[in-house]
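Each chain is listed here by its residues.
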Amino acid sequence: MLAELDEGLAGLLLARSVEQFLYAEAAMLDERRYRDWLAILDDGIRYFAPLARNMRRDRLGEEYTRQGQDLAWFDEGKETLTQRVEQIETGIHWAEEPVSRVCHMVTNVEILSAVPEARHAETVEVRCRFLVYRNRLQDEEMLLIGKRLDTLVRDGTGWKLRRREIRLDQNVLQAKNLTVFL
Amino acid sequence: MAGNADSLDVDALVDRAGGTVARGIFVDQAVFEAEQERIFTRAWLFVGHESLIPKPDDFFVSRMGTESVVLTRDRGGQVHVLLNSCTHRGMKVCRYDQGNTRVFTCPYHGWSFATDGKLAATPGALVGVPHFDRAYHGELKRDDWGLVRAPRVALYKGTVWASWDPDAVELTDYLGDMRLYLDFALDGRDGSPGGSVVVEGVQKWRVNANWKFAPENFIGDMYHDISHRSVDLVGIGPSGGRGRRDNLRPRTTICFPGLGHGLIGEPPHTSEPPYVPAWKKYPEVEEYFRQVHERRVALLGERPRVTMSVGTIFPNMSFHGRQPRTIAVAHPISPTEMEMWRFCLIDADAPAAVNDAARHYFLRYSGPAGMTESDDLENWSYATEASRGPIARRQRYNYQMGMGHARPVPGLRGAVENGEVTEENARAYYSRWSDFMRGDPWTPPAAEYVPMPEPARETEDAG
Ligand code: FES
Ligand SMILES: [Fe+2]
């Protein structure tokens, strides 16, 4: 009985800490603290956003393009993500100068796996839904909604992001560019 | 529609002598509709690549202008381009992006159309009509109701092109000597003919800009280099350091005024310049390209060859021949919206590490998330936006840079060059745009060509 309660509590605490991590990350991006954001990315991060295709039911396995070999919106590591931040910081990256107003909403957070176990988790796989809103200059709007599959690894008392797969729920991207982090 | 086009004063829209263009052609609905009628139903349009449909019965859905078309390969290996609209009541017969099928069955009333030469004599033929006997009393003339098929389809080194005009000149005549530059993009890096394929997946995205901004930019606008200063400061080239590319040999702009195509690149030359390392960050890739260079030197010998960075084939296909090596198509959606498509080209026989490095360079450079292209998209969309108002529309865009300074290019038929920074290429583009918009008949290409001398050995490195 007590052991069961313990296990339940460990799961809750883990879920809470993962959610707090994701919310804090969203705040960093919305508040344009890009350097703080880079600091919570594992050096070996893979940041991947596949393309989504309309495929017949018997080939639905090919709906999303594959990491490491196909075209994608993003398929990169920390070096390029850092360069993207540096580009914004130049002040002449016209796609984000003047800088856009961006709001990240994160919801439906589910822990899919915890290794070795919830209480002493070193690696967790987390699925969530996101909504990213951008207002640019006066009336330009972009709304991106989709799913994220994240792998977090323990880093001292906190977490670092080691892998992120972003599934944008759009076939033809309804945005002129992707200059926000998802 | 035709009335629309006839009422336009095309020569007022594009003032060739004065080097200006009316803003209306970037924002007006009437101009847009006339473009659909006069350009997109006639010109040769890029519709895809054979590597998208390698097997019999494979299909890939593409666009020609504002219309959806299906690119298919029949059982005999023949490639066809069919209008994706049921002949009964217009429903889209194919709503997948790609796949494999022998028959397209319309979801609405169930008419089915075969792509397979064994099932039907003509591609796209109507082969199945529910209640044919009971409701049509067997009287429907099925032979007359196949899917509309592009009468002209041409394959060129893997690329697939189509035109709705049965009288269109041959694709090779349409391309003229621009073909040499297309070859550079489509040939193997060692100079062997063809052999390139597209990477799985096509980036497709909507941009609030007139569609012509993309081909006009890619035809040879080196003047806008300054807009990419932020990415140059960061440095994303495959050799590291500042800049978004590696050091290039001197380039010039070359265009084909009678054809409306143009590029940034080198004039034809007959010997291969020394190898310049371009992949210093990737030793394995660097070594591969060093070997490829040696093969290229041996293979091409003293034959004329060209190189190019970026170019446009009128009206809306652009391509990048160096890395990142891609094809970009600007599909018109409305006067103020386009849908851009980007394909990544690789050598089918290159090692995975080489193609992966090329793909990654593409993703950080081009497309909506490209650190270079994202800024172009911002410029094109707000240039469109700020040209819409009545006062703005009374003004004209200025294309006067370098007027009167063009000179012929030895070794190319009907081509001129005008230095690295000029608007010569854009002028050639809008000149061809006017030809189409006036509804000029196809002229035999020979009549439009200015004969050029063969390249002289002494001048081959000029420019
Ligand atoms: S619209 Fe296709 S069968 Fe009627
Ligand atoms: Fe550009």
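Criteria and cut-off values
- Residues numbered from 1 in each chain as written.
- Chains lettered and ligands numbered in written order.
- Predicted model: local features only at pLDDT ≥ 70, side-chain atom pairs only at ≥ 80, totals over all residues.
- Heavy atoms only, no water.
- Buried < 20%, exposed > 50% of the residue type's maximum accessible area, 1.4 Å probe, protein only.
- Helix = DSSP H or I, 4+ residues; strand = E, 2+ residues; numbered from the N terminus.
- Pairing = 2+ DSSP bridges.
- Polar contact = N/O pair within 3.5 Å; in protein donor to acceptor, adjacent residues only side chain to side chain.
- Donors = N, O, S within 2.8 Å, 3.2 Å for Na, K, Ca; no water.
- Tetrahedral: all angles 85-135°; square planar, octahedral: opposite > 155°, others 65-115°.
- Expected span 1.5 Å × (residues − 1).
- pLDDT = per-residue confidence, 0-100.
- Contact = heavy atoms within 4.5 Å.
- Axes fitted to C-alpha atoms, helices over the stretch in contact; angles between N-to-C directions.
- Parallel < 35°, antiparallel > 145°, perpendicular 65-115°, else oblique.
- Nonpolar A, V, L, I, M, F, W, Y, C, P; charged D, E, K, R; others polar.
- Core = buried A, V, L, I, M, F, W, Y, C linked by side-chain atoms within 4.5 Å.
- Domains from an automatic or database assignment.

## Notes on the pairing of strand 1 (residues 41-50) of chain A
Both faces of the sheet carry side chains from a regular strand, because those side chains alternate between them. Residues and elements named next belong to chain A. Burial analysis of strand 1 places 7 of its 10 residues in the buried class, the great majority of the element. Of the strand pairs in this sheet, strand 1 and strand 6 (residues 158-168) are connected by 4 bridges, and their pairing is parallel. Across the sheet, residue Leu 41 finds its bridge partner in strand 6, namely Leu 161. As defined by bridge partners, strand 1 adjoins strand 2 (residues 72-76) across 4 bridges and the pair is classed as antiparallel. Residue pairing in the sheet places Tyr 47 in a bridge with Glu 76 of strand 2.

## Some points on the side chain of Arg 38 of chain B
Residues and elements named next belong to chain B. Mapping Arg 38 onto the fold places it in helix 3 (residues 29-38). When its relative accessible area of 14% is taken as the criterion, Arg 38 is described as buried. A polar atom in the side chain of Arg 38 sits 2.9 Å from the backbone oxygen of Met 437.

## Points about the coordination of the iron ion (ligand 2)
All names here are of chain B. All of the protein donors around the iron ion (ligand 2) are His 224 (NE2), His 228 (NE2), Asp 376 (OD) and Asp 376 (OD); their distances to the metal are 2.1 to 2.4 Å. Coordination geometry of the iron ion (ligand 2): the 4 donor atoms subtend angles of 56 to 142° at the metal centre, consistent with an arrangement described as irregular. Each donor residue of the iron ion (ligand 2) belongs to the same chain, and together they define the spacing H-x3-H-x147-D. Highlighted residues: His 224 in the loop between helix 6 (213-218) and helix 7 (229-234) and Asp 376 in helix 10 (residues 373-385), separated in sequence by 152 residues. There is no split in this pair, since His 224 and Asp 376 are both buried.

## Some thoughts on the sheet that holds strand 1 (residues 14-15) of chain B
All names here are of chain B. Read from one edge to the other, the open sheet built from 3 strands follows the order 1-2-21, with strand pairing classed as antiparallel. The two strands at the open ends of the sheet, each matched to only one other strand, are strand 1 and strand 21 (396-398). Pairing geometry for strand 2 (residues 20-22) and strand 21, over 3 bridges, is antiparallel. Bridge pairing in strand 21 places Ala 22 opposite Arg 396.

## With respect to helix 9 (residues 352-365) of chain B
All names here are of chain B. Given a rise of 1.5 Å per residue, 14 residues ought to cover 20 Å, and the 20 Å separating the end C-alpha atoms of helix 9 matches this to within 8%. With 11 of 14 residues buried, helix 9 lies mostly within the body of the structure. Residues Val 354, Asn 355, Ala 357, Ala 358, Arg 359, His 360, Tyr 361, Phe 362, Leu 363, Arg 364 and Tyr 365 constitute the buried set of helix 9. Once helix 9 finishes, Gly 367 follows within two positions and takes phi at roughly 80°, a positive value.

## What to know about the confidence of the model for chain B
Residue and element names in this part refer to chain B. Averaged over all residues, the pLDDT of chain B is 93; the fraction at 70 or higher stands at 94%. Note that pLDDT drops below 50 for residues 457-463; the model gives that stretch 9 contacts with residues more than four away or on any other chain. At the level of chain-chain contacts, confidence expressed as ipTM amounts to 0.97, with global pTM at 0.95.

## Describing the packing of helix 8 (residues 283-300) of chain B against helix 9 of chain B
All names here are of chain B. Between helix 8 and helix 9, the shortest axis-to-axis distance is 9 Å and the interhelical angle comes to 105°. Between helix 8 and helix 9, the crossing angle belongs to the class labelled roughly perpendicular. Along the contact surface, helix 8 presents Glu 284, Val 285, Tyr 288 and Phe 289, while helix 9 presents Ala 353, Val 354 and Ala 357. Tallied by class, the residues present in the contact of helix 8 with helix 9 amount to 6 nonpolar, no polar and 1 charged.

## A few points about the nonpolar core
Counting residues in hydrophobic clusters, the biggest one holds 142 residues, and the most contacted among them are Trp 37 of chain A together with Tyr 174, Met 340, Phe 343 and Trp 433 of chain B. Inspection of this core shows a minimum of three residues originating in each of domain 1 (45-152) and domain 2 (176-437) of chain B. Those residues in contact with Phe 343 of chain B that sit more than four places away from it in its chain are Phe 46, Leu 52, Phe 60, Val 198, Val 202, Arg 325, Thr 326, Ile 327, Val 329 and Phe 362 of chain B.

## Digging into the pairing of strand 6 (residues 79-83) of chain B
All names here are of chain B. Counting buried residues along strand 6, 5 of its 5 residues qualify, which places the element largely inside the surrounding structure. Note: strand 5 (residues 67-73) against strand 6, 5 bridges, orientation antiparallel. Paired with Val 69 across the two strands is Leu 83, which belongs to strand 6. Here strand 5 folds back onto strand 6 in antiparallel fashion, the turn holding 5 residues, of which Gly 77 has a positive phi close to 90°.

## Examining the environment of Gly 99 of chain B
Within the fold, Gly 99 of chain B resides in strand 7 (residues 98-100). Judged by relative accessible area, which is 10%, Gly 99 of chain B ranks as buried. On a C-alpha basis, the gap between Gly 99 of chain B and Phe 60 of chain B in space is 6.7 Å, while along the polypeptide they are 39 residues apart. In contact with Gly 99 of chain B, not counting residues within four places along its chain, are Arg 59 of chain A together with Asp 57, Asp 58 and Phe 59 of chain B.

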